[in-house]
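# Fold and contact review
Listed here are the chains, written in short residue letters.
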Amino acid sequence: MKRYAAFLLTDSAAPFVAHIERTGHTLRATDDRPLVFYADGAHFTDPAYAGHIDLARQRAALTLDSATPVEDADYFIRTLYALRLFEAGGLLVSRRRFSAT
């Protein structure tokens, strides 16, 4: 994806490797991306959004069937960074605007 081209490394000694693969173009009924946390990472459990983040092995992978791959990839990358920051003693804060309805 062109959006992430500046972040890609060709050096095989990269400290953390994440692989994202798009397998289809299905529009999901919800934006839910079920996530299970464990001691060294997390696991996404939806068949259309399946993947894992393994902090100990410094590897992550996501396979998604999505009509909105940019948003789905962004969510995965934010989750990955949040876990890595938490592991390092930090915190990721997201600023969102909510409207009263």
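Everything numeric here is computed off the predicted structure, so don't read it as measured data.

## What to know about the overall build of the protein
When you go through the protein residue by residue, the secondary structure sums to one helix and five strands. Taken from the N to the C terminus, the helices and strands of the protein come in the order β-β-β-β-β-α. With 101 residues in all, the protein has 27% of them scored as buried. Long-range pairs, those at least 24 residues apart, make up 55% of the contacts in the protein with a sequence separation of at least 6. With the model as given, the accessible surface of the protein reaches about 7600 Å², and the carbon-plus-sulfur share is 56%.

## As for the nonpolar core
Counting residues in each nonpolar core, the largest one holds 12 residues, listed as F16, A42, F44, Y49, I53, L55, A60, L62, L64, F76, L80 and L83. Of all the secondary structure elements, the ones that give two or more residues to this core are β3 (41-46), β4 (49-54), β5 (59-65) and α1 (69-87).

## Re unusual backbone geometry
Comment: phi is negative for the bulk of residues other than glycine, and the bulk of peptide bonds are trans. Despite not being glycine, Q58 shows a phi value in the positive range, around 55°. With respect to the helices, strands and loops of the structure, Q58 is situated in the loop between β4 and β5.

## Considerations on the packing of aromatic side chains
In total, this model carries four aromatic pairs according to the counting rule given. Judged by centre distance (5.1 Å) and plane angle (80°), the ring pair of F44 and Y49 falls under edge-to-face. We note that F44, like Y49, is buried. Ring centres of Y49 and Y75 lie 6.4 Å apart, and the angle between their planes is 65°; on these two criteria the pair is classed as edge-to-face. Of this pair, Y49 sits in strand β4 while Y75 is found in helix α1, placing the two residues 26 residues apart along the sequence. Put simply, the rings of F44, Y49, Y75 and F76 pair up and form one aromatic cluster.

## Digging into the sheet that holds β3
Read from one edge to the other, the open sheet built from five strands follows the order β1-β5-β4-β3-β2, with strand pairing classed as mixed. Two strands lie at the open edges of the sheet, namely β1 (17-24) and β2 (35-38), each paired on one side alone. Neighbour to neighbour, the strand axes of the sheet diverge by 10° on average, direction disregarded. As defined by bridge partners, β3 adjoins β4 across six bridges and the pair is classed as antiparallel. Note that in β4 the partner of G41 across the bridge is D54.

## Focus on a nonpolar patch on the surface
Nonpolar side chains collect at one region of the surface, where Y81, L85 and L92 lie side by side and expose about 280 Å² of accessible area between them. For L92, the location among the structural elements is in the segment after α1. Overall, L92 belongs to the partly exposed group, its relative accessible area being 42%.

Reading the values: the criteria
Residues numbered from 1 in each chain as written. Predicted model: local features only at pLDDT ≥ 70, side-chain atom pairs only at ≥ 80, totals over all residues. Heavy atoms only, no water. Helix = DSSP H or I, 4+ residues; strand = E, 2+ residues; numbered from the N terminus. Buried < 20%, exposed > 50% of the residue type's maximum accessible area, 1.4 Å probe, protein only. Contact = heavy atoms within 4.5 Å. Areas by Shrake-Rupley, 256 points an atom, 1.4 Å probe, with all protein chains shown as cover. Core = buried A, V, L, I, M, F, W, Y, C linked by side-chain atoms within 4.5 Å. Phe/Tyr/Trp six-rings, centres within 6.5 Å; stacked < 30°, edge-to-face > 60°. Pairing = 2+ DSSP bridges. Axes fitted to C-alpha atoms, helices over the stretch in contact; angles between N-to-C directions. Patch = residues over 30% accessible without salt bridge, like charges linked within 9 Å, V, L, I, M, F, W, Y side chains within 5 Å. Salt bridge = Lys/Arg side-chain N within 4 Å of Asp/Glu carboxyl O.

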